Amino acid sequence: MSPLLSVRNLRVSFPTRSGTFDAVRGVSFDLGRERLGVVGESGSGKSMTGRAILGLVRPPGRVTADRMELDGQPILNLPERQMRALRGARISMVMQDPKFSLNPVMTIGRQITEGYRLHTRTTPQAARDKALEMLRAVQIRDPERVFDAYPHEVSGGMGQRIMIAMMLAPDPEILIADEPTSALDVSVRNEVLRIMDKLVRDRGMGLIFISHDLNLVAEFCDRVLIMYAGRVVEELPAHDLKNARHPYTQGLLNSLPRLDHPVERLSVLQRQDSWRDEEIATPFPGGL
Amino acid sequence: MLNIDHLDVWFGDPPERVDAVKSAGFTVAQGESFGLVGESGSGKSTILRAITGLIGTWSGLIEVDGEKVSGQHRSRAFHKTVQMVFQDPYASLHPRHSVDRVLSETLHLQGMDQIDARITRLLDSVGLGKGFRFRYPHQLSGGQRQRVAIARALAAEPRLLLLDEPTSALDVSVQAEILNLLTDLRRERGLTYVMVSHDLAVVAHMCDRLAVMRGGEIVEVMEAARLRAGDPASDYARALLAASAGFAREGAPG
Ligand SMILES: Nc1ncnc2c1ncn2[C@@H]1O[C@H](COP(=O)(O)OP(=O)(O)OP(=O)(O)O)[C@@H](O)[C@H]1O
Ligand SMILES: Nc1ncnc2c1ncn2[C@@H]1O[C@H](COP(=O)(O)OP(=O)(O)OP(=O)(O)O)[C@@H](O)[C@H]1O
Ligand SMILES: [Mg+2]
Ligand SMILES: [Mg+2]
């Protein structure tokens, strides 16, 4: 089966005072109709990879790739007009800072319905019904109030769920979810995951799930990419995460606090300079 | 150090009034670390924001270090004693202020000396090298921004730290470093923490006691040991604990 999304040798760089900074250094992967987890160190380029796919890297940032294809069509550095037609309708991204990504001076209801109507051309009433239904689905307790509220009037976790509702309303083929559940309590989190899971299973959506929660990724995803310093250093079936070989991944697993195993201090990683550039064990991490 | 009693917090006027916190009460002793967990939207951030004077519409008792506070007014001494790390680091950092400016302004405000050396130390303690010192918020990753917010709160050398999801944007290795730093500071300087988190393992690791919230109310206050033992008293806390065991995929084995 041909992949939904195919990325080869993606690079994102920024000019800085002290020379060029490479935030993403040659990332390659294919995404099928699956849940692909992405974990990795803070600053390792996870969000930047997502932004690059959507054409959202702001200048002076520079994006290059040998290939970036959606259903076989090249999408790298498309003109903004064509990119806007893709964004939302075919690929959506739930940003890591949802409340910052929402428009502060527009009601939540209006933001969801506008995005939805742009891509589906339904009546205002139908769009409103859809928005309320989506808010209810992401476990917002009082969707009518939230529909008329402004972003600063909702909690951190509500903002996250609103963003998810907004991005899923137009039924995208691919959803890039950047830490989508980090501000949710575990019960609500599980409900929200169930929605995404259902879209992957029933509609064949492709999901890129960026998360710091290793246990969650191990349970929820099919495959996991591990990123370090702008590269994918390991790829594993999600249920095998516990058997990771790369010392960075192993170190991550050891630094988790555990309910069943109290410790005085958490173990921390001794990062090695060699991790930045050493040969990667898997020949093509990220392949299908 | 902190005494909260019959705290009500609301937004707006009837009929649109939202009662975000209803008759909440708890106390946190000097040197203690207290957790706040519970449903998303249950009022955890609202409690912290009311304490720091960001919300005026509240009633009840808020007492910090033996001093009652009222309305939104907070004294200079209060801000020296109390600092908060916000859930939303992007919103709490000025978009056109560099990391250097954020930290030096806080240090100046608190009348500190040796600003330059302190900034280096602060950045180092949250795992950001000197290369980050002159960056702006939009040039940082989510976790890097959160660490700047933590460094800013520590810069003021407060005695009570209110931490709203301080490590939720951090990978677990950086999280471990920050949590160890907080543990050390508490031991060395007798700091007091109130910490909001959705990660029950983090709360159990960091806190002596915790309150569980739902729908604006505190449904239970318990020892962290009870959480570890899997033995909370309320149904809601038990349900949370069960849900934290993981996500069971439909049709997936196990
Ligand atoms: N405008 C910019 N100029 C220079 N460097 C930047 C810029 N924007 C981001 N970076 C750097 O790019 C790197 C990758 O950032 P990215 O946001 O992708 O990290 P991340 O893996 O998502 O981390 P986190 O888990 O903390 O969110 C970071 O080190 C960040 O400091
Ligand atoms: N400025 C405001 N105006 C109106 N309602 C508000 C305002 N701020 C918060 N609320 C409401 O108060 C309730 C509690 O919000 P709060 O941010 O305290 O939740 P929380 O427990 O921190 O949730 P989360 O875990 O999702 O961050 C929510 O229903 C929210 O919509
Ligand atoms: Mg990120
Ligand atoms: Mg909150």
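- As annotated in an unreviewed UniProt entry, chain B carries the name Glutathione import ATP-binding protein GsiA and is attributed to Paracoccus lutimaris.
- Recorded in UniProt under Subunit (unreviewed entry), the annotation for chain B is "The complex is composed of two ATP-binding proteins (GsiA), two transmembrane proteins (GsiC and GsiD) and a solute-binding protein (GsiB)."
- Quoted verbatim from the Function (unreviewed entry) heading of the UniProt record, the comment on chain B is "Part of the ABC transporter complex GsiABCD involved in glutathione import. Responsible for energy coupling to the transport system."

- Taking an unreviewed UniProt entry as the reference, chain A is identified by name as Peptide/nickel transport system ATP-binding protein belonging to Paracoccus lutimaris.
- Turning to chain A, the UniProt record has this under Subcellular location (unreviewed entry): "Cell inner membrane".
- Of the comments in the UniProt record for chain A, the one headed Sequence similarities (unreviewed entry) reads "Belongs to the ABC transporter superfamily."

1. As for the coordination of the magnesium ion (ligand 4)
So, point 1. Bound to the magnesium ion (ligand 4) on the protein side are Ser-45 of chain B (OG) and Gln-87 of chain B (OE1), at distances that span 2.0 to 2.2 Å. Of this pair, Ser-45 of chain B sits in helix α1 (residues 44-51) while Gln-87 of chain B sits in the loop between β6 (82-85) and α3 (89-92), and the two are 42 residues apart along the sequence.

2. What to know about the coordination of the magnesium ion (ligand 3)
All names here are of chain A.
So, point 1. Taken together, Ser-47 (OG) and Gln-96 (OE1) make up the protein donors of the magnesium ion (ligand 3), found 2.0 to 2.2 Å from the metal. On the criterion of sequence distance, the pair formed by Ser-47 in helix α1 (residues 46-53) and Gln-96 in the loop between β7 (91-94) and α3 (98-101) is long-range, its members being 49 residues apart.
So, point 2. By relative accessible area, Gln-96 is classed as buried at 17%.

3. Some remarks on the packing of aromatic side chains
So, point 1. Applying the stated criterion to the full structure yields three aromatic pairs over all chains.
So, point 2. When the ring of Tyr-228 of chain A is compared with that of Tyr-248 of chain A, the centres are 4.9 Å apart and the planes differ by 55°; the resulting orientation is tilted. Residue Tyr-228 of chain A is found in strand β10 (residues 223-228), and its partner Tyr-248 of chain A is found in helix α10 (residues 247-254); the two are separated by 20 residues along the sequence.
So, point 3. Judged by relative accessible area, Tyr-248 of chain A falls into the buried class, the value being 0%.
So, point 4. A cation sits over an aromatic face here: Arg-128 of chain A above Phe-147 of chain A, 4.6 Å from the ring centre.
So, point 5. Of note, Arg-135 of chain B hangs over the ring of Phe-21 of chain A, and the distance from its end group to the ring centre comes to 5.3 Å.

4. Here we look at the site of ligand 2
So, point 1. Taken together, the neighbourhood of ligand 2 is formed by 21 residues, with Ser-155 of chain A together with Ser-40, Gly-41, Ser-45 and Thr-46 of chain B sitting nearest.
So, point 2. Nearby residues place ligand 2 at the junction of chains A and B.
So, point 3. Here an oxygen atom of ligand 2 sits 2.7 Å away from a polar atom, N or O, in the side chain of Ser-40 of chain B.
So, point 4. One nitrogen or oxygen atom from the side chain of Gln-87 of chain B is found 2.9 Å from an oxygen atom belonging to ligand 2.
So, point 5. Relative to its free-state accessible area of 640 Å², ligand 2 is covered by the protein chains to the extent of 89%.
So, point 6. The set of elements that each furnish at least two residues to the shell around ligand 2 consists of α7 (156-168) of chain A together with α1 of chain B.
So, point 7. For the shell around ligand 2, the residue count by class is five nonpolar, twelve polar and four charged.

5. Description of the interface of chain A and chain B
Interfaces are often sized by the amount of accessible area the parts lose when they come together.
So, point 1. Contact residues are listed per partner, giving 57 residues for chain A and 52 residues for chain B.
So, point 2. Regarding the contact of chain A and chain B, the summed buried area is about 4300 Å², with carbon and sulfur atoms giving 51% of it.
So, point 3. Counting the contacts that link chain A with chain B gives three salt bridges.
So, point 4. The partner of Arg-265 of chain A in a salt bridge is Asp-184 of chain B, with the nearest N and O atoms 2.5 Å apart.
So, point 5. Summed over the shared surface of chain A and chain B, the number is 15 residue pairs in polar contact (both at pLDDT 80 or more).

6. Section: the site of ligand 1
So, point 1. By nearness alone, 22 residues border ligand 1, and Gly-43 and Ser-47 of chain A together with Arg-135, Ser-141 and Gln-144 of chain B come closest of all.
So, point 2. Mapping the residues adjacent to ligand 1 onto the chains of the assembly identifies chains A and B.
So, point 3. Within the side chain of Ser-47 of chain A, an N or O atom sits 2.7 Å from an oxygen atom of ligand 1.
So, point 4. With the chains in place, 95% of the 650 Å² that ligand 1 exposes on its own is no longer accessible.
So, point 5. Elements represented by at least two residues in the shell around ligand 1 include exactly β2 (19-31) and α1 of chain A together with α6 (142-155) of chain B.
So, point 6. When the residues that make up the shell around ligand 1 are grouped by side-chain class, the tally is six nonpolar, 13 polar and three charged.

Analysis parameters
- The residue count restarts for each chain, going from 1 along the sequence in the order it is written.
- Chains carry letters from A onward and ligands carry numbers from 1 onward, assigned in written order.
- Reporting of local features is limited, given that this is a predicted model, to residues whose pLDDT is at least 70; pairs of side-chain atoms are given and counted only at 80 or more, and all residues count toward the totals for whole chains, interfaces and linings.
- By convention in this description, side-chain values take in all heavy atoms of the structure and omit both hydrogens and water.
- UniProt positions are given in the numbering used here, feature names are shortened, and annotations may be inferred rather than shown by experiment.
- Donor selection uses N, O and S atoms within 2.8 Å of the metal (3.2 Å for Na, K and Ca). Since no water is included, sites may look incomplete.
- Helix and strand assignments follow DSSP, with helices taken as H or I runs no shorter than four residues and strands as E runs no shorter than two, numbered in order from the N terminus.
- Per-residue accessibility, obtained with a 1.4 Å probe over protein chains only, is compared with the maximum for each type, and a residue is labelled buried under 20%, exposed over 50%, and partly exposed between these values.
- Aromatic contacts are taken between Phe, Tyr and Trp rings whose centres are within 6.5 Å, Trp giving its six-membered ring; a plane angle under 30 degrees counts as stacked, one over 60 as edge-to-face, and the others as tilted.
- We call a charge positioned above a ring when the Lys NZ or Arg CZ atom is no farther than 6 Å from the ring centre and deviates by at most 35 degrees from the ring normal.
- Think of it this way: one heavy atom of a residue within 4 Å of a molecule or strand is enough to make that residue near it.
- Any pair of N or O atoms that falls within 3.5 Å is considered a polar contact. Within protein, one atom must be able to donate a hydrogen and the other to accept it, and sequence-neighbouring residues count only if both atoms are side-chain atoms.
- Only the protein chains shown count as cover for residues, with accessible areas throughout obtained via the Shrake-Rupley method and a probe of 1.4 Å.
- Under the grouping applied here, Gly and all other residues not named as nonpolar or charged are polar, the nonpolar ones being Ala, Val, Leu, Ile, Met, Phe, Trp, Tyr, Cys and Pro and the charged ones Asp, Glu, Lys and Arg.
- Contacts between residues were defined by any pair of non-hydrogen atoms, one from each residue, lying within 4.5 Å.
- Reported buried area values correspond to the accessible surface (1.4 Å probe) lost by two parts on association, with both partners' losses combined.
- When a carboxyl oxygen of Asp or Glu is within 4 Å of a side-chain nitrogen of Lys or Arg, the pair counts as a salt bridge.

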